[in-house]
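# A closer look at the structure
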Amino acid sequence: MGDEARPGRSRLEVTLDLVTDLSSWVWLALIAVIVVAVVLRFVFSLGRIELEELQWHLYAVGFLMGIVACTGFDRHVRVDVFRERMSARLRDWIDFYGILLLQLPFLALVLWSALPFVVDSFVAGERSASAGGLPFRWILKSMLPISFVLLALATLSRLVRVGRRLFGDGDPGGGR
Amino acid sequence: GGPRAVGSGSETVSEAVGDANPLPTTAPRLRWRVTSAFGTNLPTLGENPVEVADRLRRASAGRIDWTIDDPGEVVPAFAIVDAVRAGKIEAGYTWLGYDQGRLPVSVLFGAVPFGMTPWEYSAWWVRGGGRELAREIYRPLGIEPILCGMIGPETAGWFRKEIRTPDDLSGLKIRFAGLGGRTLQKLGASVTMLPGGEIFQALEKGAIDATEFSLPEVDARLGFDRVARFNYFPGWHQPHTAFHLVVHEATWRALPEPTRELIELACGDGVHRNLANAEAAQGPAIAESERRGVVTRALSPGLLRALETAAHEVLREEAAADPDFARVLDHQRRFRARYA
Amino acid sequence: MTPREWLAVAMFAAFILGILCGFPVAWVLGGVAVLFTALAILVQRDFGHFTGVDWSYASLVADRLWSLMDNWVLVALPMFICMGLLLDRSGIAADLMRDVSRLFGRMRGGLAVTVALIGVVLAASTGIIGASVVLLALLGLPPMLDARYAPTFAAGTVCAVGTLGILIPPSIMLVLMADRLAIPVGDLFLGAFLPGLVLAGLYVAYLIAWPRFRPEVAPAPDEAEVVDLALLASVFRDIVPAAALILTVLGSIFFGIATPTEASGVGAFGALLLASWRRRLGWRVLRGVLRETTLTTGYLFGIFVGASAFALVLRGLGGDELIARALLGLPFGPNGVVLTILFVTFLLGFFLDWIEITFIVLPLVAPVVVGLGFDLVWFTVLFAVCLQTSFLTPPVGFALFYVKGVAPPEIDVWTLYVGILPFVGLQLVGLGLIFAWPELATWLPGLAYSN
Ligand code: NA
Ligand code: NA
């Protein structure tokens, strides 16, 4: 497993844990919304586009927070054919440069492109185009940059951890 | 735009300065990615931008070189106007009404329930001040809208059961988009917005009772005529449907005049050919679906009256909420009053 | 090749290199997209070669991520994952596996056959990539490993059977293909049905036959019961609730109560009821299940997010046109053209994911195939089987990635690579059968036509 069990977790990691726990309840809410929507339509012939849209609103929040959580707990999928045969130090070097050259630039690109995207939606007062759809679309859209800021923080904390190991600051343990 | 805009921009600048020949064979190419809101494989709807691009390529001896992308390949269908506005792509081909969530007035340039017929809309756009009005609204947003395609009435939808009176609409589970959906809601229908890919199955299994989608020809390709017995006319919610080429405004202004002219010509031809193709193909498509056992029916006059009343109520509500919507709706109505 | 196309090729190579280094797939995909955007700008600005990619083009990633966020169909993914986790954590899945496998008594490989059968039922209730794979891995892997099955055999079974979910209708892949080709989804659904069953049959035959030659891959159960009426009754009593749950999902689709997407939520709700009815749903279990749903959903969507950026830039560099040109210059007879297209698709499947291939290759080759006089539904089904195989083939096999995410630590990617080999072989056999007997794909849709 990842760093979950490590003693002496940083404040960031504790927060991340809490955020993961809290956001996980969206799945229960999503189940409820789907069941209500199905019953309303099948039993009462009542279609509610609000409920349909609420479904993917909840889902979007859930998967974005999931991506953040996976970074925190090092659960993102790796192809470990060669990784298993690598020394702990080589793995750390790969993670170090991977975060620096691949992960952080990508997060920066998404953040940089998502901010105007959300601002535009807010300025235009964007709402759903469907009959009875949900208003305030910028709220859901803003989940994109918000989650990516959290993602960047979690990534930076990983970078610091790997960096400490590489550049000697105690903690000789290898990466996953 | 970033470096790419600089790249293609400098190409077009040199074209503007260096050559008085309208078909400068030495000038650099105008390579655009144009996202279409309709799959290029869809008959009539999707073919039109491809044909426009082909004709432009031939007319310009290959200088105007557009790649028509399917929706989602590069830009998602509903994000086209937004992406063009931000200069992420140079141009797109879309139904403006997809944008009504952020720009309510946009639907008036696309299709209005019980609104104008294709020839009325053409007259309004070309001679009645429609184009100027559209520019007035879209240019501040950084977009040049060019009328580029049009089709006649769609069907009123595919139904599993017969619809005779307004009462039959009450409780009917129907997939219906936009203002038409709101109209049906007023008459008690239960409106949903299933994603395109799930419509067929939902209709087949009865999760919904009815759906509208597009032209009979397109719908038949998607198989709705296999799972719904009744096909109703007329398409009250879209007496005409107009499609526009939307170009990033700064890019448009930087184009040399011959190029702009050529694009406008090709789009004018696109409208004409699109209408011709749509009209010519519908008869055979309807005959074919009738051969398969689909019953083609006209909505009863009473039902149409009820729909029209409800539609006007929806339009009134929209106009009350948005000044631009009110202005354009009023403009269209005054034009129609004079025209009729 | 133009400099732009060289960039596309290099981008691909960089991606493969990156994931082989063992850095998370999601961020390799996203990061390579950013790096090659920068490179493309350099090549265009400093060397004057047209590339067609710059920062403003790359910023379309926001719009594309939004279309992932507002995708209602994908809601089914976390819901099926949640359902699987509920069944797993509440012990219902283990009961189900144990009970069904009791029926197979002394048969070697009985657990694997059970997984295959459950997999076929699941396949008929989910249309989403990943959902059935993850679900089966949760249900099937732990019991098989406990029974000392060879990890390669167990993992291969789960991966392969899990991918049936995208071939047997409902299927989001067939929906997208129908959309690309503008043909009725119903025809494709019917057309893929028999081929899906044929493949399932091939799997089951293999799962029964192989342990006879290699007993060590699936040891016989220690204390096998005699199958008699009493056992049947007890098994029946035990599996009814779980079977009812799966049938609820299927039935709610079939009787028009819910769309396939909503059916996933109905299934999760049913699992919730089932677990609490069996008094196995404490606070801790529920909290753990929801949390794990978040994490599992997270790593799947991490890949989607990265792939969205990667595909954008690759297409911007003309990677699609490159593949198109290569495919269209084929100098063979009609059958040869179809076989070559399928072969190339199979090869592309090693590196590209199904969405890319469906977008790029299918619309391109379909008219060619139709022009040669072949049935489009038949060809599309063949194509779909090819793409189903691409989920299994290394290095970029998404089913492998998904299973990897939930599998116990002893299952590494290497185990998966070895484990799926026989199944890739079976896929090819299946392809051959459909090629030789087009009726497998055309018979059912034809039947529906005549009505
Ligand atoms: Na399926
Ligand atoms: Na593959």
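Residues numbered from 1 in each chain as written. Chains lettered and ligands numbered in written order. Predicted model: local features only at pLDDT ≥ 70, side-chain atom pairs only at ≥ 80, totals over all residues. Heavy atoms only, no water.

## Structural notes on the overall build of chain A
Of the regular secondary structure elements, chain A holds five helices and zero strands. Taken from N to C terminus, the helices and strands of chain A fall in the order α-α-α-α-α. Its C-alpha radius of gyration of 20 Å places chain A more than 25% over the 16 Å reference for a compact globule of 176 residues. Expressed as lengths along the three principal axes of its C-alpha atoms, the size of chain A is roughly 65 × 35 × 30 Å. Taken over 176 residues, chain A has a buried fraction of 57%. Carbon and sulfur atoms make up 70% of the accessible area of chain A, which amounts to about 7500 Å² in all. On chain A, the mean spot of the 19 positive side-chain charges and the mean spot of the 17 negative ones are 2 Å from each other. (Helix = DSSP H or I, 4+ residues; strand = E, 2+ residues; numbered from the N terminus. Rg over C-alpha atoms; globule rule 2.2 N^0.38 Å. Buried < 20%, exposed > 50% of the residue type's maximum accessible area, 1.4 Å probe, protein only. Areas by Shrake-Rupley, 256 points an atom, 1.4 Å probe, with all protein chains shown as cover. Lys, Arg positive; Asp, Glu negative; His and termini not counted. Charge placed at Lys NZ, Arg CZ, Asp CG, Glu CD.)

## Side note on the sheet that holds strand E6 (residues 173-175) of chain B
Residue and element names in this part refer to chain B. Read from one edge of the open sheet, six strands run E7-E6-E8-E5-E9-E11, paired in mixed fashion. Both edges of this open sheet fall to strand E7 (190-192) and strand E11 (295-298), since each of them pairs with a single strand only. Of the pairings in the sheet, the one linking strand E9 (residues 230-233) to E11 comprises four bridges and is parallel in character. Pairing of phenylalanine 230 across the sheet is with valine 295, part of E11. (Pairing = 2+ DSSP bridges.)

## Points about a nonpolar patch on the surface
Residue and element names in this part refer to chain A. A surface patch of nonpolar side chains, amounting to about 450 Å² of accessible area, comprises Val39, Phe42, Val43, Phe44 and Leu46. Within the secondary structure, valine 43 is located in helix H2 (residues 26-44). On the basis of relative accessible area, valine 43 is assigned to the exposed category, the value being 53%. (Patch = residues over 30% accessible without salt bridge, like charges linked within 9 Å, V, L, I, M, F, W, Y side chains within 5 Å. Salt bridge = Lys/Arg side-chain N within 4 Å of Asp/Glu carboxyl O.)

## Examining the nonpolar core
It is characteristic of soluble globular proteins that their nonpolar side chains tend to be buried jointly. Membership of the largest hydrophobic core comes to 321 residues, with the highest contact counts inside it found for A:Phe106, A:Phe148, B:Trp66, B:Phe109, B:Ile263, C:Phe301 and C:Phe379. It is helix H14 (residues 283-316) of chain C that provides the largest number of residues to this core, a total of 16 residues. Apart from the residues lying within four places of it in its own chain, the contact partners of A:Phe106 are A:Phe148, C:Trp27, C:Gly30, C:Gly31, C:Val34, C:Val61, C:Val305, C:Gly306 and C:Ala309. Counting 26 residues, the second largest nonpolar core, distinct from the first, contains B:Ala156, B:Phe159, B:Leu172 and B:Ala311. (Core = buried A, V, L, I, M, F, W, Y, C linked by side-chain atoms within 4.5 Å. Contact = heavy atoms within 4.5 Å.)

## Description of H14(C)
Each full turn of the α-helix corresponds to 3.6 residues, which orients residues three or four apart in the same direction. With 34 residues, H14(C) ought to run about 50 Å at 1.5 Å a step, and its terminal C-alpha atoms sit 49 Å apart, in line with that. Among the residues trailing H14(C), C:Gly318 stands out with phi positive, at a value near 80°. (Expected span 1.5 Å × (residues − 1).)

## Looking at the confidence of the model for chain A
All names here are of chain A. Of all residues in chain A, 91% have pLDDT values of 70 or greater, and the mean over the chain is 87. For chain A, the element scoring lowest by mean pLDDT is helix H1 (residues 11-23), at 88; helix H4 (residues 88-123) scores highest, at 95. Taken as a whole, residues 1-5 scores under 50 in pLDDT and shows ten contacts with residues more than four places along the chain or in a different chain. (pLDDT = per-residue confidence, 0-100.)

## Some points on the interface of chain C and chain A
Listed per partner, the contact involves 70 residues of chain C and 65 residues of chain A. In this structure, the connection of chain C to chain A is made through five salt bridges. The interface formed by chain C and chain A includes twelve residue pairs in polar contact (both at pLDDT 80 or more). Sort the elements by how many residues they give to the side of chain C that touches chain A and H14(C) lands first, with 19 residues. Tallied by class, the residues present in the side of chain C that touches chain A amount to 46 nonpolar, 16 polar and eight charged. (Polar contact = N/O pair within 3.5 Å; in protein donor to acceptor, adjacent residues only side chain to side chain. Nonpolar A, V, L, I, M, F, W, Y, C, P; charged D, E, K, R; others polar.)

## Notes on helix H15 (residues 323-339) of chain B
All names here are of chain B. Across its 17 residues, H15 extends 24 Å between first and last C-alpha, which sits within 8% of the 24 Å expected from 1.5 Å per residue. Burial in H15 covers these residues: Phe325, Val328, Leu329, Gln332 and Phe335. Along the axis of H15, the buried positions cluster into a sector of 125°, meaning they face one direction only. Among the exposed residues of H15, those pointing more than 90 degrees away from its buried face are Pro323, Ala337 and Arg338. Where the residues of H15 are buried, they touch helix H4 (106-110), helix H5 (118-126), helix H6 (130-138), helix H8 (178-186) and helix H14 (301-321). (Arc of directions from axis to C-beta.)

## Remarks on the pattern of salt bridges
Across all of its chains, the model carries 42 salt bridges over all chains by this definition. Among the ionic pairs, A:Arg48 bridges to A:Glu50, the shortest N-O distance being 2.8 Å. Each member of the salt-bridge network shares a partner with another, and the members are A:Asp120, A:Glu126, A:Lys141, B:Asp82, B:Arg85 and B:Arg102.

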